[in-house]
Each structure stands twice: as C-alpha cells, then as structure tokens.
Amino acid sequence: MANVPAVVSKRLIANIPKFKKILESARKRDVNESDTVTIVTDMLEQVFGFDKYTEITREFKTQGLRCDFAIKSGEDIEYLLEVKAIGSELKSSHLNQAVGYAIRQGIKWAMLTNGINWEIHRVDCDGKVSHKRLFHFDFLELNPKNNDHQQMLFLLCKRGVAKDLITEYYEYKQSVNRYTIGAVLLTDPVLGAVRREIRRMKAGLKVSTDDVKEMISSEVLKRDLVESEDAERARKQVAKAMKKHEKSKAKADGSKDREPIAGSENHEDSVPV
C-alpha cells in the first residue's frame, strides 16, 4: 500500500480516539439510524477528510433507488455508502439498492456501516450483477498509530480516493490470494519442478507430473482451491498471464534472432590499409 501522508496520519491520530468515544456512547444509548447517519457524516469529514458540503451527498436518490451517501471527487461519484443504526447487524442485502444504482452508473465501490463496523464491497457486472466484500474493519479496534491500520483507512480517505488506491489494492488481492497460488501450483513449470525435486530424493524413483498434479489436487490443496468458482477464475487468470508471458518471450527471442552479428557487415571503407 502507499505511504500515508503526514497530514493524513496526523488527522487519523487526532480523530480516531475521539470518535471511538462517540461511538461507544452511541452504542450504549442504542441510537437510531438517523443519529448514526449524523455521526457517520462527521466521521467522513473529520476522519476521512471529505468536505461535507461539496463532496458528500445525503439521501442520494434516482430512478426509485436510494442510498444514504454518495461520496464525490469533483463531479464523479467514487463510492456509495449505506448506513444502518449503530445496533444493527450488517447484512449483504442492505447494499442491494446501492449496488443497483452503482451498476447503472458504473460505480465500482459501495460501503456499508453502522458507524462501528465498516464493509467495503467491489461492485461487478461481469455476466451477472454481484458485489463482494474486499475488506472490513471494526472502528473501535483501530489503533490510530498502527501503520497497517492507517494504510487501510487511507484507501478510503479523500487523498487515497483521488489516487484510486483502492483499485490498486483490489488488483493486488486478485493476484495474490490462495486461489491464485493454488492455480500456480498446478501449472506445468511448478509441477515439473516438484517432480524433479522428488526424483532427487532417491535414485531411480519414477514419478510423473500427472502423479504430482493428482496428489496436489486431491491431497495437498483444499477442495475449494481446486473446484470452486473462485478457483476457476484464478486458473483462467494464471493461464492468461502465462500465455501473455510466453508470447512476450517468443517475440523477444525472435528479435534476437534477427539482430545482425556484430562486425559481420562488409564495410570496405572502414578497413584500415
């Protein structure tokens, strides 16, 4: 993740403890949704750095769909935010209207919070409308001086949003996860390397890459890393990346073959007499 600017770090250190107290008090009083929205508005301004008069739109409605907040950067809506009462348990269905609007307008991010618990969802329309939680946190458990906590919050801060850091983080998580690693383990180069190491253990030991693949698939990896939809997406992603790499390598090798050998040209004028 990107380094957190000093001004943002200072703001987080100053305001996180303050809002922890506010949220704990609100939870004890079991405040309603309207009062929770008021607290979240102040958090968006004082913790995340948005101007509540120009960059936070309340009660966002269009075509029969509503969302509590639309967070803007300039004229563009960066993400939608749905707020529930502080005592409410967050459910995926709470995001349905926000996701519906996000899909229509091409907005990739929707958040859900009750002030204490925060969930950040990626909205997708690749074949079918869906949203998947990218990460979540409990505000009361945040350590304002912890660098990892600051970096996570910076993804949602005004400056982080302006740099689209959350998309970078999403792409990282898409590439570095257990499904991708599982898919990589089942590629021919890795299977071949495992086979070679096993054969070195004992002279004359016969083992094929198919044997290795079957063992890894059935006994080493968990079933969901091999048979789930996420696993299938990871296999396609890895296969696409490997194919791209092979094409680039072949192109580079072809260019080398076409390069003239140094000194092979016949330059008569340059031959000394």
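Shown above is the structure to which this text applies.
Residues numbered from 1 in each chain as written. Predicted model: local features only at pLDDT ≥ 70, side-chain atom pairs only at ≥ 80, totals over all residues. Heavy atoms only, no water.

At a minimum axis separation of 11 Å, helix α1 (residues 6-29) and helix α4 (residues 147-154) run at an interaxial angle of 105 degrees. By the criterion of interaxial angle, the relationship of α1 to α4 is roughly perpendicular. Contact residues: V8, S9, L12, I13 and I16 in α1; Q150, L153 and F154 in α4. Partitioned by chemical class, the residues of the contact of α1 with α4 number 6 nonpolar, 2 polar and no charged. (Axes fitted to C-alpha atoms, helices over the stretch in contact; angles between N-to-C directions. Helix = DSSP H or I, 4+ residues; strand = E, 2+ residues; numbered from the N terminus. Parallel < 35°, antiparallel > 145°, perpendicular 65-115°, else oblique. Contact = heavy atoms within 4.5 Å. Nonpolar A, V, L, I, M, F, W, Y, C, P; charged D, E, K, R; others polar.)

Judged by how many residues are buried, strand β4 (residues 109-113) sits mostly within the fold: 5 of 5 residues are covered. On β4, burial covers both faces: W109, M111 and T113 on one face and A110 and L112 on the other are all buried. In this sheet, β4 lies alongside strand β3 (residues 76-83) in parallel orientation, the contact comprising 5 bridges. The residue bridging L80 from the neighbouring strand is A110, located in β4. (Buried < 20%, exposed > 50% of the residue type's maximum accessible area, 1.4 Å probe, protein only. Pairing = 2+ DSSP bridges.)

Bringing helix α2 (residues 33-46) into the picture now. For α2, built from 14 residues, the straight-helix expectation of 20 Å at 1.5 Å per residue is met to within 8% by its first-to-last C-alpha distance of 20 Å. Two or three places before S34, at the opening of α2, N32 has a side-chain oxygen 3.2 Å from that residue's backbone nitrogen. (Expected span 1.5 Å × (residues − 1). Polar contact = N/O pair within 3.5 Å; in protein donor to acceptor, adjacent residues only side chain to side chain.)

F48, F69, W118, F135, F137, F139 and L156 are the most contacted members of the largest nonpolar core, which totals 45 residues. Broken down by element, this core gets its largest block of residues, 6 residues, from α1. Sequence-distant contacts of F69, defined by excluding residues within four places in its chain, comprise V37, V40, T41, L44, I56, T57, R58, Y79, L80, L81 and V83. (Core = buried A, V, L, I, M, F, W, Y, C linked by side-chain atoms within 4.5 Å.)

Residues D210, D211, E214 and E219 make up a contiguous surface patch of negative charge. With respect to the helices, strands and loops of the structure, E214 is situated in helix α9 (residues 209-220). For E214, a relative accessible area of 52% puts it in the exposed group. (Patch = residues over 30% accessible without salt bridge, like charges linked within 9 Å, V, L, I, M, F, W, Y side chains within 5 Å. Areas by Shrake-Rupley, 256 points an atom, 1.4 Å probe, with all protein chains shown as cover. Salt bridge = Lys/Arg side-chain N within 4 Å of Asp/Glu carboxyl O. Lys, Arg positive; Asp, Glu negative; His and termini not counted. Charge placed at Lys NZ, Arg CZ, Asp CG, Glu CD.)

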